[in-house]
Amino acid sequence: MNNEEQKGLQKVEFYPNLPAGFDELSDHEKLEIVKRIQEQDLEVRKEVMKKIGKSKVAENDLYTAIGVIQQLDQEKKIYSQHHKGETGSGTYDLTVRGGDTKFIVPILVVIGVIILAVILLIALLKAN
Amino acid sequence: MRYYQGGRYYYRRRRKRRRRSHNYNATPSNTRQYVKKCFFSLSAWQLVAFADYYGNKYGDNARRYLQRTYEKWKSGETGMSGETGRRILECVPRFLGREEQFQLLQFCIPSILSKWKTLAKARTQNIEELHATFSKIAKLIKESDYELEWFVTNVFSQEEIDEFMSVLRYTMLDTLNRSYYSVREDISFLYSNVIGKLSEIDASVTLEYSANLLDCRLQLTNTAPMLEDNLMQDIKPPDMVTKFDKEYRRILLDYSIDCIKHDTHDPGRKHVGLYDLNSLLNTVKNIQDHNEYSARLAIEGSGGDFSIRIEKKSKSKIAFEIFKRAVALALVLLVAVLVCIFFTTIVLALWWLFIAGLFWLFSQLVGEIRDLSKEMKEYEQRRTKRFAES
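Residues numbered from 1 in each chain as written. Chains lettered and ligands numbered in written order. Predicted model: local features only at pLDDT ≥ 70, side-chain atom pairs only at ≥ 80, totals over all residues. Heavy atoms only, no water.

### Quick look at the overall build of chain B
How we decide: Secondary structure elements follow DSSP: runs of H or I no shorter than four residues count as helices, runs of E no shorter than two count as strands, and numbering proceeds from the N terminus. For the exposure calls, accessible area comes from a 1.4 Å probe over protein chains only, and a residue counts as buried if that area is under 20% of its type's maximum, exposed if over 50%, partly exposed in between. Residue burial considers only the protein chains on display, and all accessible areas are found by Shrake-Rupley using a 1.4 Å probe.
Broken down by element type, chain B carries 12 helices and five strands. In chain B, which comprises 390 residues, the proportion classed as buried is 39%. When the accessible surface of chain B is split by element, carbon and sulfur atoms take 54% of a total near 23200 Å².

### Some thoughts on the interface of chain B and chain A
Buried accessible area, meaning the area lost when the parts come together, often serves as the stated size of an interface. This is how it is decided: The contact criterion used is simple: two residues touch if any of their non-hydrogen atoms lie within 4.5 Å. When two parts are brought into contact, each loses some accessible area as probed by a 1.4 Å sphere; the total of that loss over both is the buried area. Salt bridges are defined by distance alone: a side-chain nitrogen of Lys or Arg within 4 Å of a carboxyl oxygen of Asp or Glu.
Of the residues lining the interface, 48 residues belong to chain B; the matching set on chain A comes to 53 residues. At the boundary of chain B with chain A, total buried surface from both sides reaches about 4600 Å², with 65% on carbon and sulfur atoms. Where chain B touches chain A, the interface holds four salt bridges. Notably, a salt bridge pairs R36 of chain A with D254 of chain B, separated by 2.9 Å at the nearest N-O pair.

### Quick word on a nonpolar patch on the surface
Heads up, the condition is: Residues with no salt bridge and a relative accessible area higher than 30% make up the patches, which join like charges within 9 Å and nonpolar side chains (Val, Leu, Ile, Met, Phe, Trp, Tyr) within 5 Å.
The grouping of V335, V339, F342, F343, I346, L350 and L353 of chain B at the surface amounts to a nonpolar patch, some 630 Å² of accessible area in total. Tracing the backbone shows I346 of chain B in helix α12 (residues 315-389).

### Quick look at the layout of surface pockets
Residues and elements named next belong to chain B. Under the convention used in this document: A cavity here means a set of 1 Å grid points, computed over protein atoms only, where a 1.4 Å probe fits but cannot escape. A pocket is an open set with protein on both sides within 12 Å along at least 5 of 7 lines, and lining residues have an atom within 4 Å of a point. Grid points are joined across faces, edges and corners, and a volume is the space filled by probe spheres set on the points. Residues are sorted three ways: Asp, Glu, Lys and Arg are charged, Ala, Val, Leu, Ile, Met, Phe, Trp, Tyr, Cys and Pro are nonpolar, and all the rest, Gly among them, are polar.
The volume enclosed by the largest pocket comes to roughly 710 Å³. Along its surface, the largest pocket is lined by 25 residues, and T175, R178, S179, S182 and H262 are the ones closest to its centre. Elements with a minimum of two residues in the lining of the largest pocket: α10 (158-198) and α11 (245-285). Sorting elements by how many residues they give to the lining of the largest pocket places α10 first, with nine residues. Classifying every residue of the lining of the largest pocket gives seven nonpolar, 11 polar and seven charged.

### Here we look at the packing of aromatic side chains
Residues and elements named next belong to chain B. As a reminder, the rule being used: Only centres within 6.5 Å qualify two rings of Phe, Tyr or Trp (six-membered ring in Trp) as a pair; their planes then separate them into stacked at under 30 degrees, edge-to-face at over 60, and tilted for everything else.
The tally for this structure, following the rule as stated, stands at 16 aromatic pairs over all chains. Seen from their ring centres, F40 and Y70 are 5.7 Å apart, and the 55 degrees between their planes marks the pair as tilted. Taken as a pair, F40 in helix α2 (residues 29-40) and Y70 in helix α4 (residues 60-75) lie far apart in primary sequence, 30 residues in all. On the basis of relative accessibility, which here comes to 18%, the residue F40 falls in the buried class. An angle of 70 degrees between the planes, with centres 5.3 Å apart, marks the rings of F50 and F95 as edge-to-face. Of this pair, F50 sits in helix α3 (residues 44-58) while F95 is found in the loop between α5 (82-91) and α6 (98-106), placing the two residues 45 residues apart along the sequence. The class of F50 is buried, set by a relative accessible area of 0%. Cluster of aromatic residues (ring-pair linked, three or more members): F39, F40, F50, Y53, Y54, Y58, Y65, Y70, W73 and F95.

Set out below in structure tokens:
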């Protein structure tokens, strides 16, 4: 829209996407269609509000989940937390793994394997 | 069933009938059922008019058979042959009201849409080629010939079929145009709102977008692509000239109202998507640095769906994993070397044993030969000596 057009009274097109045949309809039919569009508009708003509600619930669930994770961190536990849910626009899926950072157990396992391998090696050399 | 009695003439007719009845069986079941339902709902006077029309078209025998068997078909006592079914399909629509006739045309829409979906289906698509892909599909829709059911082409006039196809093409092209616009809007939303927010977190991010209409995943680039504004400049609504014009106008109006609904929904959809993204980002920001996490968020876009995957791994855990793999590799190498040495030792031992055995055997044989030669020589000497003494 250029500056010249913005001066004075302008014709406002409410529903520019309506097909050309719309103007040929009777006033009653036009009114019916406009009413239908308005009802649809309300329905869309309702749907968006529902989605916002769902998003708020998901946000709250995520906050609760992070609270649990922080608690587990404080207790220095090894954990794997999985949270899944629905948001207003789709879905979310969150997995958090945390806990012991020293990895004592896997290290001991690896050392054990190495010792076994060395014993095996010595046994083989002696056999030869 | 005198009408179907044997003889050479009837045999030929049966063969021909079998071939032609194939068409009847190939007709979608919803169309067949709908026509049969209409046929069995004909009032008494309509049935008389129908039988006359049927008789004029297929002969008096066919008419008499129809009149005799109508009640049995209706009650299900006798099944309808393929040939009769085909004739009923051809004749009944002429006795239906406009809305019922139009319903028969509408039964063709799913097969056309399914062909169109097949045309539109693309594999993974580079985002830079999006406009070219949509243009190609638009060209295919404009130029493709859709083969309608034999029944439609036999029942409806060419003008009616042309009008039906032009309305369908118009809605398909408009849907394609709208889909392109929606995908373009989604991509713009992605680069202007989503990517900026994702750069705030220290984690690896994978972004995916799949376009609904094309049913394919778009390969995204690091920088925002330059997509053309419009796919098709203007798509003119078709002119309605046949008796079905009101029905088509209703369809086009319903289509436009659906489009308005989609457009009205769009800002709300974006708002909710951003809200969800913010919630997830705030959550992952609160996870301690030494922890690992992976998060996936699916967001519904206007013309497709986004999938955002955020993954963070602990550096010390990765280092430990590398160490573990290195130790495992060293162990594998060690075992391999030992096995090689083991086998090589055994083979060498066997080789030397064989050589020694051979040598021993050789020396034994040589020794025996030498001993025998010596014995022979001594025997000859003793014999010579005895002869000389005697």
